[in-house]
Amino acid sequence: TPRVEHAASVVDGRIYVIGGVNTNWSRVPTVEAYDPVTDTWVRKADMPAARTALSAAAINGKIYAIGGCETSGLQVATVEMYDPATDIWTRKASMAFARQLLVAAAVDGRIYAIGGETCGWSGCTHLNKVEMYDPQTDTWTPKASLPTPQSAMAGAVAADRIWVLGGGSMGILSK
């Protein structure tokens, strides 16, 4: 499915592509899995609601789709867990802050939701908020903020640290 502003995550060597906007500029709930060994795509269960500009991270064989923008055009704090083994989506605790264009990264069995933006009639506000999700307790905890509000940035995990790049600055978050 051609699309932009989607999320992707890897479980058991397969790449899962989630949501986004299609070529008609419609938000889609579409989920597809790519197997690089067999070079094949398989359609999976759709997300419960179409979202774009979301992020995703995987822990313990489960994928968490985090935040983004729903069909209404509003940013959401929604978190849904996808289990590739059962092809089922489950709603999880929402973040404290609705946002899109954020970074989600998994470190030490927890997911960090970093930055992003929230938009309204008067424009968009970039966020420096960081929250940590614990899948054992299904709870979010505020963490140290980014030094600079950022959205639409890239994120990577290296040496058990989350690197956030973009918005004209580069920062590092400790565990």
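The model shown is predicted, which means the values in this text are computed figures rather than measured ones.

When you line up the elements, G13 lands in the loop between β1 (7–11) and β2 (14–18). According to the relative accessible area criterion, G13 is partly exposed, its value standing at 46%. Ignoring any residue separated from it by four or fewer positions in sequence, one finds G13 in contact with Y34 and P36.

This part is about the pairing of strand β11 (residues 103–107). In terms of residue burial, β11 counts as a mostly covered element, since four of its five residues are buried. One ladder, built from five bridges, connects β11 with strand β12 (residues 110–114); its direction is antiparallel. Bridge assignment links V103 to a residue of β12, and that residue is I114. Remark: two residues form the turn of the hairpin made by β11 and β12, two consecutive strands paired antiparallel; D108 in that turn has positive phi of roughly 55 degrees.

As a further point, take the pattern of salt bridges. This model, assessed by the stated rule, comprises seven salt bridges. Between D83 and K62 there is a salt bridge, with the nearest N and O atoms lying 3.8 Å from each other. Of the two residues, D83 sits in strand β9 (residues 79–83) while K62 sits in strand β7 (residues 62–66), which places them 21 residues apart along the sequence. Look at K62 and you get partly exposed, because its relative accessible area is 25%.

For the protein, per-residue confidence averages 91 on the pLDDT scale, and residues scoring 70 or more make up 95% of the total. This stretch, residues 168–175, has a pLDDT under 50; its non-local contacts, to residues over four places away or in other chains, come to 23 contacts.

Position of D108 relative to the elements: it lies in the loop between β11 and β12. Residue classification places D108 among the partly exposed positions, given a relative accessible area of 47%. Once the C-alpha coordinates of D108 and T78 are considered, the two residues, 30 residues apart in sequence, prove to be 22 Å apart.

Since its relative accessible area comes to 14%, D83 is described here as buried. In this structure the side chain of D83 is engaged in a polar contact, spanning 2.9 Å, whose partner is the backbone nitrogen of A85. Here D83 is in contact with G61, K62 and I88, once residues within four sequence places are set aside.

Turning to the sheet that holds β9, a few remarks are in order. Sheets are built from strands that pair by backbone hydrogen bonding, the pairs being arranged parallel or antiparallel. Pairing in this open sheet of four strands is antiparallel, and the strands run β6-β7-β9-β10 from one edge to the other. Bordering the open sheet on either side are β6 (55–59) and β10 (88–92), each of which pairs with just one other strand. The average undirected angle you get between the axes of adjacent strands in this sheet is 25 degrees. Two elements, β7 and β9, share four bridges in a ladder whose sense is antiparallel. What sits directly across from I66, in β9, is V79.

The rules behind each value
Residues numbered from 1 in each chain as written. Predicted model: local features only at pLDDT ≥ 70, side-chain atom pairs only at ≥ 80, totals over all residues. Heavy atoms only, no water. Helix = DSSP H or I, 4+ residues; strand = E, 2+ residues; numbered from the N terminus. Buried < 20%, exposed > 50% of the residue type's maximum accessible area, 1.4 Å probe, protein only. Contact = heavy atoms within 4.5 Å. Pairing = 2+ DSSP bridges. Salt bridge = Lys/Arg side-chain N within 4 Å of Asp/Glu carboxyl O. pLDDT = per-residue confidence, 0-100. Polar contact = N/O pair within 3.5 Å; in protein donor to acceptor, adjacent residues only side chain to side chain. Axes fitted to C-alpha atoms, helices over the stretch in contact; angles between N-to-C directions.

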